[in-house]
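Structural features, examined
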Amino acid sequence: MHLEWTDSGDAFADRAAAHVASLLAETPDAAIALPTGSTPIGLYARLRTLAEAGDIALVGAHYFNLDEYVGIAPTDRHSFAAFLRRHILDEVDIPADHIRLLRGDAPDIAAEAAAHDAAVAAQGGLDLAILGLGSNGHIAFNEPGAAWDAGTHVVPLTEATRMANAAYFPDGFHVPSHGLTMGIGMIRAARRVLLMVSGAAKAEALGALLDGKPDPGWPVTALVGHPHLTVVADQVLRAGR
Ligand code: PGA
């Protein structure tokens, strides 16, 4: 594991963007899983700036979302699909056939999960999974106790996660009871993992990873021993540890 402490804000986003840039320099058609949440917003802004300046070529890569709300259409602005389009994908004109976003409102949700796995497999698996971290240690929507060998599947969301996510929507959006998520098996199989950790609330979860003991109660510890794991963590968090 490679751990980098940075200042919050621009430095945090810049470090993460540098990792994406170095992957794309090597593998322009990389398959990349993208997170939502507050943590990657600065990264996406930085990638947009780099793309506009011609300093990074994002258009050759293939993009997948890590997770989505069950029952929410990709066109709904509360969806993770809409978030990713707004912050990065539509802004840098990624071709439609390079984007595979989960359809939370699919009539057959199991078939939708299988289609996501098949689309990743068709690209030869993930070259990079970019992850945020839940304060309870979740990665994507894999909550404590999740199986570590799964592909994309439906999961119930914990109350803590539903409350954390509701905070982003002052319009009173009712966070669904279930999510659709890439499983830990699929995330662990990514050739590279970039874990972005920001804020003191994540200190305990990061601590579980740094302790180095795999523990299903802390899903992030499934990454212990990953051959190419980079953690970018901000100083706020270091102070909280
Ligand atoms: P956050 O969420 O980036 O909004 O803190 C991270 C996560 O829960 O995975």
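Everything numeric here is computed off the predicted structure, so don't read it as measured data. (Residues numbered from 1 in each chain as written. Predicted model: local features only at pLDDT ≥ 70, side-chain atom pairs only at ≥ 80, totals over all residues. Heavy atoms only, no water.)

Looking at helix α4 (residues 109-122)
At 3.6 residues per turn, the α-helix brings residues three or four places apart onto the same side. When the terminal C-alpha atoms of α4 are compared, their 20 Å separation across 14 residues agrees well with the 20 Å that a helix rising 1.5 Å per residue should span. Every buried residue of α4 is listed here: Glu112, Ala113, His116, Ala119 and Val120. When α4 is viewed along its axis, its buried side chains cluster within an angular range of 120 degrees and face the same direction. In this structure, α4 carries Ala110, Ala121 and Ala122 as exposed residues pointing more than 90 degrees from its buried face. Buried residues in α4 make contact with β3 (62-65), β5 (99-100), β7 (153-156), β8 (178-181) and α6 (184-188). (Helix = DSSP H or I, 4+ residues; strand = E, 2+ residues; numbered from the N terminus. Expected span 1.5 Å × (residues − 1). Buried < 20%, exposed > 50% of the residue type's maximum accessible area, 1.4 Å probe, protein only. Arc of directions from axis to C-beta. Contact = heavy atoms within 4.5 Å.)

Quick look at the sheet that holds strand β6 (residues 128-131)
Taken in spatial order, the 7 strands make up an open sheet running β1-β10-β9-β6-β2-β3-β5, and their pairing is parallel. This sheet does not close on itself; its edge strands, each paired only once, are β1 (2-6) and β5. Pairing analysis gives 5 bridges linking β1 to strand β10 (residues 229-234), with the strands arranged parallel. Looking at the pairing, Thr6 lines up with Asp234 of β10. Lying on the sheet, helix α7 (residues 203-211) is in contact with β1, β9 (192-197) and β10; it crosses β10 at an angle near 145 degrees. (Pairing = 2+ DSSP bridges. Axes fitted to C-alpha atoms, helices over the stretch in contact; angles between N-to-C directions.)

Brief notes about the packing of helix α1 (residues 10-26) against helix α2 (residues 41-52)
Interhelical geometry of α1 versus α2 gives an angle of 60 degrees and a closest axis separation of 8 Å. Classified by the angle their axes make, α1 and α2 are oblique. The interaxial crossing formed by α1 with α2 has right-handed handedness. From α1, Ala13, Asp14, Ala16, Ala17 and Val20 reach across to α2, where they touch Gly42, Leu43, Arg46, Leu47 and Leu50. Per-class residue counts for the contact of α1 with α2 are 7 nonpolar, 1 polar and 2 charged. (Parallel < 35°, antiparallel > 145°, perpendicular 65-115°, else oblique. Left-handed = near helix turned anticlockwise from the far one by under 90°. Nonpolar A, V, L, I, M, F, W, Y, C, P; charged D, E, K, R; others polar.)

A word on the site of the ligand
Around the ligand, a shell composed of Gly37, Ser38, Thr39, Gly132, Leu133, Gly134, His138, Tyr168 and Lys202 is seen. A distance of 2.5 Å is found between an oxygen atom of the ligand and a side-chain nitrogen or oxygen belonging to Thr39. In this structure, an oxygen atom belonging to the ligand sits 2.6 Å away from a side-chain N or O atom of His138. Here the ligand has 280 Å² of accessible area as a free molecule, and 83% of this is covered by the chains. Its residues placed into classes, the shell around the ligand shows 2 nonpolar, 6 polar and 1 charged. (Near = heavy atom within 4 Å. Polar contact = N/O pair within 3.5 Å; in protein donor to acceptor, adjacent residues only side chain to side chain. Areas by Shrake-Rupley, 256 points an atom, 1.4 Å probe, with all protein chains shown as cover.)

Brief notes about the pairing of strand β2 (residues 31-34)
Residue alternation in β2 divides its side chains into two sets, Ala31 and Ala33 and Ile32 and Leu34, and both sets are buried. The pairing of β2 with β3 spans 4 bridges and is classified as parallel. Looking at the pairing, Ala31 lines up with His62 of β3. For the segment spanning β2, α2 and β3, crossover handedness is right-handed. Judged from the 2 bridges that link them, β2 and β6 form a sheet pairing that is parallel. (Right-handed = clockwise from strand over helix to strand, strands pointing away.)

Describing the sheet that holds β8
Strand pairing in a sheet relies on backbone hydrogen bonds. The paired strands run either parallel or antiparallel. The strand order β4-β8-β7 describes an open sheet built from 3 strands, whose pairing is antiparallel. Looking at strand neighbours, the two that pair on one side only are β4 (67-69) and β7, the edges of this open sheet. Mean inter-strand twist for the sheet, computed between neighbouring axes without regard to direction, equals 30 degrees. In this structure, β4 lies alongside β8, joined through 3 bridges in antiparallel fashion. Following the sheet pairing, Glu68 is matched in β8 by Leu180.

With respect to unusual backbone geometry
One non-glycine residue, Asp93, lies in positive phi territory at about 55 degrees. Residue position: Asp93 is located in the loop between α3 (80-89) and β5. The exposed category is assigned to Asp93, whose relative accessible area is 62%. At Ala140, a position not held by glycine, the phi torsion is positive, near 50 degrees. Relative to the assigned elements, Ala140 resides in the loop between β6 and β7. The class of Ala140 is buried, set by a relative accessible area of 10%.

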